[in-house]
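Here is how the chains run, residue by residue.
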Amino acid sequence: MSKRVRKAVFPVGGLGTRFLPATKAMPKEMLPVVDKPLIQYAVEEAQAAGIDQFIFVTGRGKAAIEDHFDHSYELEDVLKARQRREFIAAINSWMPPAGRVSYTRQMEPLGLGHAVRCAKHLVGDEPFAVLLADDLILAKTPVLKQMIDAHAETGGNMISVMEVPKEHTRRYGVILPGEHHGNLVEVKGLVEKPDPMIAPSNLAVIGRYIVQPSVFDELDEVERGAGGEIQLTDALARMIGKVPFNGHLFEGTRFDCGDKVGFLHANLAFALDRPDMHDEVAALTRALAKTL
């Protein structure tokens, strides 16, 4: 049985250029889907999977994220005075306990692999999860919990994968699949953003990973890859054959919230999933459809 995964890394140092001007002064991870920022969804997913240590790799202009994961005493005093207890619960009930949140800085935007490497001193010598807030997933069982439950039996490295149209493989890391066992597929190769003509499959990596700490040794050695960045997938590819490596075909619907249309789609889907909003949003959607 593998060692329990209890730490999660959240790379949140990106510039969010695809959402300018909205992200000029606000981190893209703080963009709201219905009434919660993207980063809160990621943290709540990690909590539901049993994670109890939360590591944020930040950059310049990300102070709003730190403020979000702290108490706002002025706001709480106002809410108490107005007897709005439900709002106090909404801003506090999900927060990790004191001492469970850590921050480190990514001084340069050199890619996901570089961001993960910046967390090495906080992760230590144990397996850990990586969650990308841009990848928002609507699922009955949180995707990271699905993965951790599977990882308890397999150990090694595990990445979340999904089928994408062949012509979209240039947007993702793509695996060379081996044997399938239920929702798990053996990873025999891993290529970052391949041309569709040479992509080894249409199974793409999305933003959920469970990684062995030896990845840091590989990140120290790996050279810059696609986009001139240090790619986490390149480091993971170097570990194939050294540790068990599986892709997990998750159950749920993924929304690319790094894309404007994907972000709008997520807002609509999450609103429709809420009993307090479903009927009104469904009626609004039908009304808008009639005007197109």
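Residues numbered from 1 in each chain as written. Predicted model: local features only at pLDDT ≥ 70, side-chain atom pairs only at ≥ 80, totals over all residues. Heavy atoms only, no water.

Novice: How should the pairing of strand E8 (residues 157-163) be read in this particular structure?
Specialist: For a regular strand, side-chain orientation follows a simple rule: the groups alternate between the two sheet faces. Of all seven residues making up E8, five are buried, and the element is well covered by its neighbours. Sheet analysis places E8 next to strand E12 (residues 245-249), joined by five bridges and oriented parallel. By the bridge assignment, Asn 157 is partnered in E12 with Phe 245. The pairing of E8 with strand E11 (residues 203-211) spans five bridges and is classified as antiparallel. Looking at E11, one finds that Val 161 is bridged to Val 205. (Buried < 20%, exposed > 50% of the residue type's maximum accessible area, 1.4 Å probe, protein only. Helix = DSSP H or I, 4+ residues; strand = E, 2+ residues; numbered from the N terminus. Pairing = 2+ DSSP bridges.)

Novice: Whenever I open this one, the packing of aromatic side chains confuses me. Can you help?
Specialist: For any pair of aromatic rings, the description consists of the separation of the ring centres together with the inter-plane angle of the planes. One pass over the full model with this rule turns up nine aromatic pairs. Between Phe 255 and Phe 270 the ring centres are 6.1 Å apart and the planes differ by 65 degrees, which places this aromatic pair in the edge-to-face class. With Phe 255 in strand E13 (residues 253-256) and Phe 270 in helix H10 (residues 260-272), the pair connects residues that are 15 residues apart, well separated along the chain. As far as the burial class goes, Phe 255 and Phe 270 line up, both buried. Members of the aromatic cluster, joined through ring pairs, are Phe 10, Phe 54, Phe 56, Phe 69, Trp 94 and Tyr 103. Residue placement shows Lys 36 over the ring face of Tyr 41; its charged tip is 4.5 Å from the ring centre. (Phe/Tyr/Trp six-rings, centres within 6.5 Å; stacked < 30°, edge-to-face > 60°. Lys NZ or Arg CZ within 6 Å of the ring centre and 35° of its normal.)

Novice: Explain the pattern of salt bridges here, please?
Specialist: Working definition: two side chains of opposite charge can pair if their charged atoms are close together. Overall, the coordinates contain 18 salt bridges when judged by the stated rule. Of the charged contacts in the structure, one is a salt bridge between Asp 220 and Lys 120, with a shortest N-O distance of 3.6 Å. Of the two residues, Asp 220 sits in helix H8 (residues 215-221) while Lys 120 sits in helix H6 (residues 120-123), which places them 100 residues apart along the sequence. The shortest N-O distance in the salt bridge between Asp 195 and Arg 170 comes to 3.7 Å. Taken together, the positions of Asp 195 in the loop between strand E10 (184-192) and E11 and Arg 170 in the loop between E8 and strand E9 (173-181) put the pair 25 residues apart, joining distant regions of the chain. According to the relative accessible area criterion, Asp 195 is partly exposed, its value standing at 33%. In this structure Arg 170 comes out as partly exposed when scored by relative accessible area, which is 46%. Sharing partners across several salt bridges, the network here consists of Arg 4, Arg 6, Lys 7, Asp 52 and Glu 126. (Salt bridge = Lys/Arg side-chain N within 4 Å of Asp/Glu carboxyl O.)

Novice: Looking at this structure, I do not really get the nonpolar core. What am I missing?
Specialist: Across soluble globular proteins, nonpolar side chains show a tendency to be buried alongside one another. Ranked by internal contacts, the top residues of the largest apolar core, which has 43 residues, are Phe 10, Ile 39, Phe 56 and Leu 144. Listing elements by their share of this core, those giving two or more residues are strand E1 (7-11), helix H1 (38-48), strand E4 (53-58), strand E6 (128-131), strand E7 (135-138), helix H7 (143-154), E11 and H10. Ignoring any residue separated from it by four or fewer positions in sequence, one finds Leu 144 in contact with Glu 45, Ala 46, Ala 49, Ile 51, Ala 129, Leu 131 and Ile 210. Formed by 31 residues, the second largest nonpolar core is a distinct cluster that contains Cys 118, Phe 128, Val 211 and Phe 245. (Core = buried A, V, L, I, M, F, W, Y, C linked by side-chain atoms within 4.5 Å. Contact = heavy atoms within 4.5 Å.)

Novice: What is the right way to read the confidence of the model for the protein from this model?
Specialist: Predicted coordinates in regions of low pLDDT should not be interpreted in detail. In this model, the protein carries a mean pLDDT of 92, and residues with pLDDT of at least 70 account for 97%. Per-element confidence in the protein ranges from a low mean pLDDT of 89 for helix H4 (residues 85-92) to a high of 98 for E6. (pLDDT = per-residue confidence, 0-100.)

Novice: Would you take a moment to explain the packing of helix H3 (residues 73-81) against H4 for this structure?
Specialist: A pair of packed helices is characterised by two quantities: the angle between their axes and the separation of those axes. One way to put it is that H3 packs onto H4 with a least axis distance of 8 Å and a crossing angle of 155 degrees. Between H3 and H4, the angle falls in the class roughly antiparallel. The segment H3 lies against H4, with Leu 75, Glu 76, Leu 79 and Lys 80 engaging Arg 85, Phe 87, Ile 88, Ile 91 and Asn 92. Among the residues making up the contact of H3 with H4, the classes are represented as five nonpolar, one polar and three charged. (Axes fitted to C-alpha atoms, helices over the stretch in contact; angles between N-to-C directions. Parallel < 35°, antiparallel > 145°, perpendicular 65-115°, else oblique. Nonpolar A, V, L, I, M, F, W, Y, C, P; charged D, E, K, R; others polar.)

Novice: Quick question: what am I supposed to make of the packing of H10 against helix H11 (residues 278-290) here?
Specialist: Interaxial distance between H10 and H11 falls to 8 Å at its minimum, and their mutual angle equals 135 degrees. One element, H10, and the other, H11, form an angle in the oblique class. Listed contacts from H11 to Leu 268, Ala 271 and Leu 272 of H10 are His 278, Val 281, Ala 282 and Thr 285.

Novice: Before we go on, may I ask you to explain unusual backbone geometry in this structure?
Specialist: Most peptide bonds are trans, and most residues other than glycine sit at a negative phi. For the bond from Leu 20 to Pro 21, the omega torsion is 10 degrees, close enough to zero to count as cis. Locating Pro 21 in the fold gives a position in the loop between E1 and strand E2 (32-33). Backbone geometry at Val 34 places phi at a positive 60 degrees, although glycine is not the residue there. Among the structural elements, Val 34 can be located in the loop between E2 and strand E3 (36-37). Val 34 gets classed as partly exposed once you look at its relative accessible area, which sits at 27%. A positive phi angle, near 50 degrees, is found at Lys 193, a position not held by glycine. Relative to the helices and strands, Lys 193 resides in the loop between E10 and E11. Residue class for Lys 193 comes out partly exposed when judged on its relative accessible area of 42%.

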